[in-house]
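Listed here are the chains, written in short residue letters.
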Amino acid sequence: MFPDNILTNVPLSQVFREKADKLLVNEETAMFSIAGDLNLAGKYASSALIVTDKRLIVFDERHKGGVFTVAHSEVEESSVKRMYGNAILKVKRNGRQLDIFRFTYSIASLADAAAMFTENIAKGADPANEFEIVKATFEKKKSVCPKCGRVLSRQGAECINCASKGKLAKKLAKYIRPELKTMLLCLGLSIITTAMALAPPYITKLLVDSIIPQKNLRGLLFLVFSLLGIYFAQHSIGAVRGYFMRITGDRIVSSLRNDIYEKAQYLPLSFYDKTSTGSVISRVSGDTATLQSFMLRISQDAVIQFFLMIGIIVIMFVLNWKLTLLSLTPVPLVVIGARFFGKKIAPIYRKIWRRWAAVSSILSDTLPGIRVIKSFTGEQRAADKFEAYNDKWLSQDKKAAVLSNVFPSTVTFFVTCGSLLIWGMGGYWVITAPDKISVGLLVSFISYTSMFYGPINFFATLNDTYQSALTSAERILDIIDAEPEQNFGAGNKVSRLKGKIEFRNVNFSFDRIKKTLNNINFVIEPGDIVGIVGTTGSGKSTLVNLLMRFYDNYEGDILVDDINIKDIDLTSFRSRIGYVQQEPMMFKDTVFRNISYSDPDADVEQVIHAADVANAHSFIARMPDAYDTMLGERGVGLSGGEKQRISIARAVLKNPSLLIFDEATAAVDSETEHLIQQAIERLIRGRTTLMIAHRLSTLRKANKIIVVDKGEIIEFGSHDELMALEGKYFKLIEIQSLSEKIREGKEAENFE
């Protein structure tokens, strides 16, 4: 029986489901399916790939009989070949390569997972384990809510439209609650001003029906001064309310931004692997303001408009129920239009947000890299790229502008038609039955009608604001609700680490699809200086990232001093590690504070000592304000070597138990490398040290070498032991020695 809830990218057609149902044999389980969009000839057509625990089933009109099947056990190889604009799933059976399933790039990653699944099953892998990898691939590709069809903020995210609105309101209420007293005060003031706003039309009726016909000058004077008092009180109270609302709104958005930024600090690196910096900046700045505006509008304006609408309806019914019913005629049309408008505008706001996030990402990428742009004369290209992304945003915003202006204008038109009914029928009744409807009553009724359509317009266009706020809330909650780094050993602090490090059967994958590290096993004793070498992308930095607990979703165990690192308090553990990166991060602050970032309580003598150990004191002392010199963004004004030495000083000040150097001398000249090497040698004495390096000269102090290749440790031992093996390490030494000889020869000949 073909399952109804099978894992799939798009629900299969009933025709394919019925065919598959007939093909499935006893004890055969359909595990997942992929709905295709091309036939084998490359023409647009419906096709499908169904993967069971025993075989592949392909429906394509170009196959004989429209179907092709092959057992996993018969598959010798399985792969996806990408071509221009499309790709083909190929299998090798009995030595022959067969094209079985063609598709566009939109589902290429799913086909890759299917190819890997069938090949691994053919090699004897467990179908259940392999299915978990496939499932992860499908989750990553899920970009549309299967329930409501709403485009998700990111692939695999929860649909906020289908989520409980009560939960959403509860989360946002946290920011409103501290300002509740002020908001209630503002609400009370709003009700007072609303009641005052209802008075002028009735006073107009008295003026037309009583004061003017009776030529009552004293009454006229009383009405004028009454209106003056009402207007003065109304606008004075409005000014006070406006001030308090502004302050309240600022506090709400400030609290929201603080929480988002604080939460962003505690999110794992896996979050930032798939979220751009510009996107996070956009959420902290723009989305919080949008959400603040909506929360205030709902908690204040919506309530005011509701009371105003109810008050006007009551007064209108008291004055004349027939005219009231006429004024309500356009309301059903407005309600129906609002629902239609909401469905149309929602996806456009999603696209606008994405376009603006892309613009923000361009800014955050290009402005810090302005030196690179100028050095490669890329100013115009950068400007053109920004303009292209900005034009895409503008294009989407134009679409929103059309809808968000056409709909209110349409509502206004229907409202005007309602007013015309009052003018027409009311005027007719005043002329034909003046004893029932007076001129003053008609004039006041027309005023009340125009006031009544204000709240109607407000609620009709509220959906526009709601959809915009929903989009912003989705982006904000994507950070606030994100799972923070897990501190499994909270409270289990360590004062000092001896430095023994052990990896036991460690496997790691960033996306649960392709393994980055596989079966990692090694032991480092306290005080060992260990070099980690390998080609680019081999997994060296990932090894260090796991030790730093930047990622926790690995298999196996990592122990320090025979304690699982997950059982140690995260803050305490990282505070015992000194980490020097290849590209040291400098903050826009003084040199002193950049060094003391690792220990904010350090005094001047400690900072100067750390700088001296790192060979940084001499160049810092020559700076205009020495340690009080303000650095530019990302350390503008310092050379690469100077940044690196400040970074080492930061590690020295921390006095760590473990040291990690990630390509610390990769991007500096020989003289600067010598200074950095001196600083490193002073720092590593008596400490367990891991050194990732491309320059093997950096590892001359190492007593152990780990050679990583394609995510596996292929060699482990001392320099002499690995040279004797004449393996990967030996080849790397040979290549680098040759490069060094060529470089030295050029320097000797002064040849460039």
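Just so it is clear, the model here is predicted, and its values are computed rather than measured. (Residues numbered from 1 in each chain as written. Predicted model: local features only at pLDDT ≥ 70, side-chain atom pairs only at ≥ 80, totals over all residues. Heavy atoms only, no water.)

Q: Explanation requested: the nonpolar core in the structure shown.
A: Across soluble globular proteins, nonpolar side chains show a tendency to be buried alongside one another. Judged by nonpolar contacts, the single largest core of 39 residues is most densely connected at V591, I595, I620, Y627, I646 and I705. The element contributing the most residues to this core is helix α20 (residues 640-654), with 6 residues. For I646, the contacting residues outside a window of four places in its chain are M586, V591, N594, I595, F619, I620 and L638. (Core = buried A, V, L, I, M, F, W, Y, C linked by side-chain atoms within 4.5 Å. Buried < 20%, exposed > 50% of the residue type's maximum accessible area, 1.4 Å probe, protein only. Helix = DSSP H or I, 4+ residues; strand = E, 2+ residues; numbered from the N terminus. Contact = heavy atoms within 4.5 Å.)

Q: Honestly, the sheet that holds strand β6 (residues 77-82) in this entry has me stumped. Any pointers?
A: Backbone hydrogen bonds hold the strands of a sheet together, and the pairing may be parallel or antiparallel. Spatially, β6-β7-β8 is the arrangement adopted by the 3 strands of the open sheet, whose pairing is antiparallel. Edge positions in the sheet fall to β6 and β8 (96-103), since each of these pairs with one other strand and no more. For this sheet the average axis-to-axis angle between neighbouring strands, irrespective of direction, equals 25 degrees. Of the pairings in the sheet, the one linking β6 to strand β7 (residues 87-93) comprises 6 bridges and is antiparallel in character. By the bridge assignment, E77 is partnered in β7 with K92. (Pairing = 2+ DSSP bridges. Axes fitted to C-alpha atoms, helices over the stretch in contact; angles between N-to-C directions.)

Q: What is the right way to read unusual backbone geometry from this model?
A: The bulk of non-glycine residues show a negative phi, and the bulk of peptide bonds are trans. In this structure, N505 takes a positive phi of about 50 degrees despite not being glycine. Position of N505 among the secondary structure elements: in strand β9 (residues 501-508). One non-glycine residue, A626, lies in the positive phi region at around 50 degrees. Along the chain, the position of A626 falls in the loop between α19 (617-621) and α20.

Q: Looking at this model, I keep getting lost on the packing of helix α5 (residues 180-197) against helix α6 (residues 199-214). Mind explaining?
A: The geometry of a pair of packed helices is captured by two quantities: the angle between their axes and the separation between those axes. Relative to each other, α5 and α6 sit at 20 degrees, their axes nearing to 5 Å. One finds that α5 runs roughly parallel with respect to α6. Residues A195, M196 and A197 of α5 pack against A199, P200 and P201 of α6. Tallied by class, residues from the contact of α5 with α6 come to 6 nonpolar, no polar and no charged. (Parallel < 35°, antiparallel > 145°, perpendicular 65-115°, else oblique. Nonpolar A, V, L, I, M, F, W, Y, C, P; charged D, E, K, R; others polar.)

Q: Would you mind going over helix α15 (residues 540-547) with me for this structure?
A: Note that an α-helix has 3.6 residues per turn; residues three or four places apart therefore point the same way. Within α15, 7 of the 8 residues are buried, leaving the element largely enclosed by the surrounding structure. Of the positions making up α15, those classed as buried are K540, T542, L543, V544, N545, L546 and L547. A positive phi of about 65 degrees marks R549, the residue just after α15.

Q: How should the sheet that holds strand β18 (residues 712-717) be read in this particular structure?
A: The 6 strands lie next to each other as β14-β15-β16-β11-β17-β18, forming an open sheet whose pairing is mixed. Of all strands in the sheet, those with a lone pairing partner are β14 (577-580) and β18, marking the two edges. This sheet shows a mean twist of 15 degrees between the axes of neighbouring strands, independent of strand direction. Relative to β18, strand β17 (residues 704-709) runs antiparallel, the two sharing 5 bridges. Looking at the pairing, D709 lines up with E712 of β18.

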